[in-house]
Every structure is written in C-alpha cells, then in structure tokens.
Amino acid sequence: MVYIKATGEKSAEMVTDEGAIYITANRGYNWRAAVQETVSATLNRTVSSGISGASYYTGTFNTVNRSPEGNYVAVSSRGNFYLTWEPGQPYWQPHNRSVARRIQNMGWRADGGLWLLVRGGGLYLSKGTGITEEFEEIPVQSRGFGILDVGYRSQEEAWAAGGSGVLLKTTNSGKSWSRDKAADNIAANLYSVKFINDRQGFVLGNDGVLLKYLG
C-alpha cells in the first residue's frame, strides 16, 4: 500500500504500488477492486502502442496523487512515463512524458490541471485542465536542488518544496514563483506539502522536520 484516502465517514480508497485500487464503504471491513488488471498487464497489452519506457517498467509506482474528484495520476518507478485513472475506467491509462528529463513527481492543481516535477529541479504545468500530455516549463529558483512536491492552498496560491530546505511560493496560479527564505537555515530535505484547507498547511521533511503554515 502506497496511498490511502478517507473519502467520507465510512468510505476510503487505497492504492498499492502495483496499481491496484480498492474501495471500502463500511469503514474498511470489506474492500472491492476498482481496477480489473495490474499496471504490468496493461503495459504488456499496450507496449506496442508507443509508450516510451514501458518495456523497462519494474512493476511499481514511484508516486501516486489523487484529485478531489477522484482521479489519479501516478509516476512509474523509473520516471520515464506516467499513468492516469478516472473512476469507472477498467485499467490505468499510460502516457508518454513530453519532457526530456525523467519525472520526479506529479499531482493535481486546484483548477483541475496537472503539475509535473522532473529530476534536477524543473517544474512544468499542463496546458489547460484535465488529463493531457502537453506541458510547459515554468522558471523557478531552486538553487540547483530538486523540487519534490507541490501543494495548493487555493487556485492562485501554491507552495513547492525540495532538497536543502528549498521552499517556493506562487500567488498567480503558477505563472511565477519566488523563494521563501523561511526554511533557508533548516538543514533538511522537504519532501511533502499538504494543505488541509486554506488556513491549515504543513511541509514535512527528513529528521523530524515539520513546518506549519502561518499565513
């Protein structure tokens, strides 16, 4: 298991590193499968369809993120392609990456579009909303360190975190990003950015580092 999300008082969704999705409606006593085949089986069927890197797939995900609408995006373990799933689909849909460098992480913007991070510190945003393979690079000042996660506080404001205390902020829906110096003196890599609502947000790092959003 690599991801679990409570979707209601009695309901939740769970994802495994091999792409299985399970849903419960009775507080976890019983689970039903939402996907009919593993990602490996899907790629074996579609390897001739032109998905670059599918033949090197090791059978596991690197990252998985869920949108509020229940759509999923996952990055392959090598970062050479990504996959998406929407409720009702029988299996994951593989996608070629449109950038040269391998993918570090992907997730959903507040407006329903996608963000994409590449190894080495690059940040890309999808063109428009929904699932797409078209992305444009956004200049960021990461000081040469990799960016590892992005979290949206609202449609306009988002935060990105990465290696060696890198913390970036946008207030114009990702068009431009500025460095926040709050974490400059923290000797830690920042791995995860989560906003519970527009007033509560956290950044998690290694060695027990936890930052709280203050406004």
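Structure: see above.
Structural notes, computed from the coordinates. (Residues numbered from 1 in each chain as written. Predicted model: local features only at pLDDT ≥ 70, side-chain atom pairs only at ≥ 80, totals over all residues. Heavy atoms only, no water.)

## A look at the side chain of Asn65
One can find Asn65 in strand β5 (residues 61–66). Within the structure, the side chain of Asn65 is placed 2.5 Å from the backbone oxygen of Met106, a separation counted as a polar contact. Other than its neighbours up to four places away in sequence, Asn65 contacts Asn71, Tyr72, Val73, Asn105, Met106, Gly107, Trp108, Trp115 and Lys194. (Helix = DSSP H or I, 4+ residues; strand = E, 2+ residues; numbered from the N terminus. Polar contact = N/O pair within 3.5 Å; in protein donor to acceptor, adjacent residues only side chain to side chain. Contact = heavy atoms within 4.5 Å.)

## Remarks on the sheet that holds strand β17 (residues 190–195)
The strand order β17-β18-β19 describes an open sheet built from 3 strands, whose pairing is antiparallel. A strand with exactly one partner marks an edge of an open sheet, and here the two such strands are β17 and β19 (210–212). For this sheet, the mean angle separating the axes of adjacent strands, direction not counted, is 15°. Judged from the 5 bridges that link them, β17 and strand β18 (residues 201–205) form a sheet pairing that is antiparallel. Paired with Val193 across the two strands is Val203, which belongs to β18. (Pairing = 2+ DSSP bridges. Axes fitted to C-alpha atoms, helices over the stretch in contact; angles between N-to-C directions.)

## A few points about the pattern of salt bridges
Enumeration over the complete set of coordinates arrives at 6 salt bridges. One salt bridge connects Arg109 with Asp111, and the closest N-O pair in it is separated by 3.1 Å. Given the relative accessible area of 36%, Asp111 is considered partly exposed. (Salt bridge = Lys/Arg side-chain N within 4 Å of Asp/Glu carboxyl O. Buried < 20%, exposed > 50% of the residue type's maximum accessible area, 1.4 Å probe, protein only.)

## With respect to the pairing of strand β14 (residues 158–162)
Across the 5 residues that make up β14, a large majority, 5, are buried. Here β14 shows a buried face lined by Ala158, Ala160 and Gly162 and a second buried face lined by Trp159 and Ala161. Here 5 bridges tie strand β13 (residues 147–152) to β14, and the two strands are oriented antiparallel to one another. When the bridges of β14 are listed, Tyr152 appears paired with Ala158.

## So, the packing of aromatic side chains
Any two aromatic rings considered together are summarised by their centre-to-centre distance and by the angle between their planes. Inspection of every chain in the model, using the stated rule, returns 7 aromatic pairs. With a centroid separation of 6.0 Å and 50° between ring planes, the pair formed by Tyr72 and Trp85 is classed as tilted. Note that Tyr72 is positioned in strand β6 (residues 72–76) and Trp85 in strand β7 (residues 81–85), a separation of 13 residues in sequence. Taken together, the ring pairs connect Tyr3, Phe61, Tyr72, Trp85 and Trp92 into an aromatic cluster. (Phe/Tyr/Trp six-rings, centres within 6.5 Å; stacked < 30°, edge-to-face > 60°.)

## Description of the nonpolar core
Val15, Ile21, Phe61, Val64, Tyr72, Trp85 and Trp92 are the most contacted members of the largest nonpolar core, which totals 16 residues. Of all the secondary structure elements, the ones that give two or more residues to this core are β3 (21–24), α1 (39–46), β5, β6 and β7. Tallying contributions element by element places β7 first for this core, with 3 residues. If near-sequence neighbours (up to four positions away) are discounted, Val64 is found in contact with Val2, Tyr3, Val15, Tyr72, Val73 and Ala74. Trp115, Ile138, Val150 and Ala160 belong to the second largest nonpolar core, which has 13 residues in total. (Core = buried A, V, L, I, M, F, W, Y, C linked by side-chain atoms within 4.5 Å.)

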